[in-house]
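# Summary of the model geometry
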Amino acid sequence: MSIKLVTRNFDRPDSHTLRVYREGGGYETLRKVLATRTPQEVVEEVKRSNLRGRGGAGFPTGMKWSFVPRETGKPVYLCVNADEGEPGTFKDRFILEQDPHMLLEGIGIAAYAIGARYAYLYLRGEFVEAGRRVEDAIAEACEAGLLGSDLPDSKFSLDLYVHYGAGAYICGEETALLESIEGKKGWPRVRPPFPAVKGLFGSPTVINNVETLAKVPHILEKGAAWFSALGTEKSGGTKLFPVSGKVNRPGLYEYPLGTPLRTIIDEGAGGVSAGKKIKGVIPGGASCPVLTADEIDVPMDYDALAKVGSMLGSGAIIVLDEETSMLKTLLNLERFFAHESCGQCTPCREGTRWIVQVLERIAAGKGAPEDPDLLLDIAAHMAGRTLCPLGDAAAGPVRSFVTKFREEFLDPLNSM
Amino acid sequence: MPTLMIDDRKITVEPGTTVMQAADRLGIFIPRFCYHPGLSAVGSCRMCMVEVEKIPKLQTACTTPVVEGMVVHTYTEQVMDARRSVLEFLLINHPLDCPICDKAGECYLQDDYMEYARYTPRYKETRWKKRKVHILGPTIVMDEERCVLCSRCVRFLQEVTGKQRLGIFERGARSVLSTFPGQTLTDPYCGNIVDLCPVGALTDRTFRFQQRVWMLRRGESICPYCARGCNIAVDYNERSDVQINDRRVYRFRPRFNPKVNGHWICDRGRYAYRFIDDARRLREPMLREGKRLVPSGWERTLKRVARRIREVLDTFGPEGMGLILLPSVTIGTARRVRKLFVDDLGLTRIATGPSIDPEADEDSILLRRDRFPNRGGLVAAGFPDGDPGAVTEGVLRGWATGKIKLLYVIGDDLPRFFEETSSFSIPSAGGILILQRSMEGPEDDFARMLLPSAMTAETAGSFVNFEGEEQTFSAVLPPLEEALPDEEILGRLSLLLGLKGEEACRHENSVEEEQG
């Protein structure tokens, strides 16, 4: 069953305005939290809620917050990752455009919990409309005394800056994002040190995804137990699932974690279009290994997807029907990763391009019998060996597509 | 202090040490491209991946801090597989132009290829074409196809010189190293990026296509061009057939010394290698005959020097002779000068040159304003410290006014200071100018005798740098043609002056041979 938390205002006219958000009780939770809860209590509440990061990696949010060292003498920064750019993923954009105040309330609570005086919202440069809505919302919130310096009845202050990206997917990787905010080229940093200890401008920093933060007001409003119970044992709450590809109703759907993939496709997105059969489904955005038609009863949560060799990722579901060419689909995905590889580390820089070249050659009818194994081998030498997760992201689809649909990667003439 | 095991060997290191540093200390070599001990570690080339027990993924040794009880393996099948694959990736676009590449013979990629690579290439696609000749500055040229994008050069300029001159532009496989628009590499430390480049991407325009590195021999010396005393390697070819000499120096490179220069040298010192075989080197002793200086051989020239010194001292006493000893000489030379001219001959008009070249610049990296390498050594040999500039002025005034009849100058690199405040022209009262040095100079026109000295790389001795660090070096090369080390020239001179009390002269025999 679909549950509307983050999406609850989306269908209302002017959902992006402060007026509509406040009609639904907006900013009440922030006010109550500031008045009655200590930052430590907020962190504990979020820990108990089993909220996990909605950006792709699924790291427990409360734990991330608790890693921030106290009293280092340096400011603590909160960075909001709104650099949503993976093919198939369009959930954060809806929040930014349809209900920016819910995000701002979440940012306020998170900043209070970790002790951040300044926050940065790193916005994908192409999100022009979203940027306008967010900046308008910040102006409205500041004017209403909800954000900004020296807020009434509270020692809490928060200045939020919107920083526009310049079009690099890699800047959604959290350390590349920090480099970009600092005005440098978006190259991921080596870890350790982790951002919680040494992040933005060398200070302790928490980086959270837009959807993650939009969940926070609900947790503080209704309690960790309530939120946690919505999901599975280890993955609390609901998740936004952008569904695209060969379905009747592509769009954004909110379901509890653990909802079977098939339910989201059939009930939410109206099933496969034109009565075709499913050939495969990418369950969590371009970087997640593809599932075959036999695997789509999997519950959509972090652990269940890991068990079948894929990932929840950003939750972006891409449905491929029986007429889809897996070769062309993989080529499309890998062109994206080759284009977006930052070029800093060797296996990702060279491997992504090599993979594209081999796929292009097969697509041009010049494949060789050893090509599928070559592709698998290149991917194997990228996975787990790159500086940041982009190498894994590029390798995952290759390994799953070529393993599960091997015959499509053999040149028909050569393989006969 | 964490203790860890690397390849079954135990080592205890300070907290914060990386696996790479610990392995280096044990002498266990882990291949690397981007890691350099003098720069920040970025873990980007992925060549140094090692196996750490209890961690499922391979870890980059250069960025992994050691932890108590860590067990590291640098030579397992998994590690070798990773090295093979990184090399395979790097070689995808690397041209096979080792036969014309100046880095061949000292190239990390070549070495690693021989050791770890997959010899049968699997890459059958179209290689990326990039610029083969991109001039980055007066001394640096870039071959974009050879670059492995390790960013060592970028980090060197950023972290050591504080200048953001180089960057890696574009993304992914299109990435390319370049200067920022409108900038060229003119900073006085740029030469280091050629040493730093692990492959043949950045080469030195003065060294390009000159020599194969395996034809060069390496000697160790000290840079004599400022008071820092950087440790240098002198790379020379013993049998060069393209030069009038039977040998030629092709480059200076830094030698690591944490107490003096770290990993680097400045370009002023680096490119001074050219002076050693320069056409302006003094090659044989000369005497003035009328308007011309005529090659005269050591015996005849030194006898004439000795005779003139005797005449002046006998007629005018020790005040009639002046001596300028520049701090470019070794401590040994300074001691011999003191014994000969001060203790035995009783000279009082002695100067050691101004400490500061007013037009010289100094920085917080290496370069010192005092362009002489051994001011401390002169003090150690008993010459006064203090304001040598004023003393030098005094001696020069004495020379200009005719009070000093004979002026003996030992040492190279007369700073501009001299030419501006005074000159070596012959004073109206007349006078005898004797120059003992390595290079020709405008003052030669007025000299009565020219005594060619060996340069630092041709000399053994020691210098004391501005921080009091004494550094001993030996001669890398024999002196050019007839030139001799200062100490030997002075030894011969003291014998000719009949100073029987002279301490044992190491060169006595050779002098006698020549006399006989």
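Moving on: the side chain of E105 of chain A. All names here are of chain A. Locating E105 in the fold gives a position in helix α6 (residues 100-114). Despite its burial, E105 pairs with no opposite charge, the nearest such side chain being R8 at 6.2 Å. A distance of 3.0 Å separates the side chain of E105 from the backbone nitrogen of Y27, its partner in a polar contact. Setting aside chain neighbours within four positions, we find E105 in contact with Y21, G26, Y27, E28, T29, L30 and P217.

Let's shift gears to the interface of chain A and chain B. The accessible area lost on association of the parts is a frequent measure of interface size. Across the contact, 35 residues belong to chain A and 39 residues belong to chain B. Area buried by chain A at its contact with chain B is led by R353, W354 and R385 of chain A, which between them contribute 24% of it. There are four salt bridges connecting chain A and chain B. Here chain A is connected to chain B by 22 residue pairs in polar contact (both at pLDDT 80 or more). When contributions to the side of chain A that touches chain B are tallied by element, the ones reaching two or more residues are α13 (326-340), α14 (346-363) and α15 (371-382) of chain A. Of the residues assigned to the side of chain A that touches chain B, the class counts are 14 nonpolar, eleven polar and ten charged.

With that settled, consider the sheet that holds strand β5 (residues 238-245) of chain A. Residues and elements named next belong to chain A. As summarised here, the arrangement of the five strands in space is β6-β5-β9-β7-β8, forming an open sheet in which the pairing is mixed. Single-partner strands in this sheet number two, and they are β6 (251-256) and β8 (291-292). Inspection of the sheet shows β5 paired to strand β9 (residues 317-321) by three bridges, in the parallel sense. For V243, the partnering residue across the bridge sits in β9 and is I317. Running at roughly 110 degrees to β5, helix α5 (residues 91-98) makes contact with β5 and β6 of the sheet.

Taking 1.5 Å per residue, twelve residues should reach 16 Å; α15 of chain A reaches 17 Å between its end C-alpha atoms and fits that length. Considered for burial, the residues of α15 of chain A that qualify are D371, P372, L374, L375, I378, A379, H381 and M382 of chain A. The inward-facing, buried residues of α15 of chain A abut α14 and α16 (390-404) of chain A together with α2 (77-91) of chain B. After α15 of chain A finishes, the residue G384 of chain A shows a positive phi value of roughly 75 degrees.

Let us look at the pairing of strand β20 (residues 449-452) of chain B. Residues and elements named next belong to chain B. Of the two faces of β20, both are covered, the one formed by M449 and L451 as well as the one formed by L450 and P452. By the bridge criterion, two bridges tie strand β14 (residues 286-289) to β20 in an arrangement that is antiparallel. Opposite M286, over in β20, you have L450 as the bridge partner. In this structure, strand β19 (residues 432-437) lies alongside β20, joined through four bridges in parallel fashion. Pairing of R437 across the sheet is with P452, part of β20.

Below, the discussion takes up the sheet that holds strand β15 (residues 292-295) of chain B. Residue and element names in this part refer to chain B. Pairing is mixed in the open sheet, where seven strands are placed in the order β15-β14-β20-β19-β18-β16-β17. Lying at the two open borders of the sheet, with one neighbouring strand each, are β15 and β17 (349-351). Going from strand to strand, the sheet's axes swing by 15 degrees on average, the running direction of each strand aside. Taken strand by strand, helix α8 (residues 331-344) contacts β16 (321-325), β17 and β18 (406-410), and its axis lies near 175 degrees from that of β16. Lying on the sheet, helix α12 (residues 486-496) is in contact with β18, β19 and β20; it crosses β18 at an angle near 145 degrees.

F409 of chain A together with F33 of chain B are the most contacted members of the largest nonpolar core, which has 123 residues in total. If one sorts the elements of this core by residue count, α13 of chain A sits on top with eight residues. Those residues within four positions of F33 of chain B in sequence are excluded, and the remaining contacts are C45, M47, L87, L90, Y108, L109, D112, V148, C150, R152, P198 and V199 of chain B.

A few words now on the confidence of the model for chain B. Low pLDDT means the predicted coordinates in that region are not meant to be read closely. Residue and element names in this part refer to chain B. Looking at chain B, pLDDT values average 90 and 91% of them are 70 or higher. Counting interchain partners and residues more than four positions distant, the pLDDT-below-50 stretch residues 501-516 has 20 contacts. If you check the scores for this complex, the pTM reads 0.92 and the ipTM reads 0.93.

Here we come to the environment of A400 of chain B. Here A400 of chain B lies in helix α10 (residues 388-400). Separated by 28 residues in the primary sequence, A400 of chain B and S428 of chain B place their C-alpha atoms 8.1 Å from one another.

What follows is about the pairing of strand β1 (residues 76-82) of chain A. Residues and elements named next belong to chain A. Extensive coverage of β1 is indicated by the burial of seven of its seven residues. Both faces of β1 are covered, namely the face carrying V76, L78, V80 and A82 and the face carrying Y77, C79 and N81. When β1 meets strand β2 (residues 116-123), the two strands line up parallel, connected through seven bridges. Bridging across to β2, L78 finds its partner in A119. As defined by bridge partners, β1 adjoins strand β4 (residues 205-209) across five bridges and the pair is classed as parallel. Counterpart to V80 in the pairing with β4 is N208.

How each quantity is defined
- Residues numbered from 1 in each chain as written.
- Chains lettered and ligands numbered in written order.
- Predicted model: local features only at pLDDT ≥ 70, side-chain atom pairs only at ≥ 80, totals over all residues.
- Heavy atoms only, no water.
- Helix = DSSP H or I, 4+ residues; strand = E, 2+ residues; numbered from the N terminus.
- Buried < 20%, exposed > 50% of the residue type's maximum accessible area, 1.4 Å probe, protein only.
- Lys, Arg positive; Asp, Glu negative; His and termini not counted.
- Salt bridge = Lys/Arg side-chain N within 4 Å of Asp/Glu carboxyl O.
- Polar contact = N/O pair within 3.5 Å; in protein donor to acceptor, adjacent residues only side chain to side chain.
- Contact = heavy atoms within 4.5 Å.
- Buried area = accessible area lost by both parts, 1.4 Å probe.
- Nonpolar A, V, L, I, M, F, W, Y, C, P; charged D, E, K, R; others polar.
- Pairing = 2+ DSSP bridges.
- Axes fitted to C-alpha atoms, helices over the stretch in contact; angles between N-to-C directions.
- Expected span 1.5 Å × (residues − 1).
- Core = buried A, V, L, I, M, F, W, Y, C linked by side-chain atoms within 4.5 Å.
- pLDDT = per-residue confidence, 0-100.

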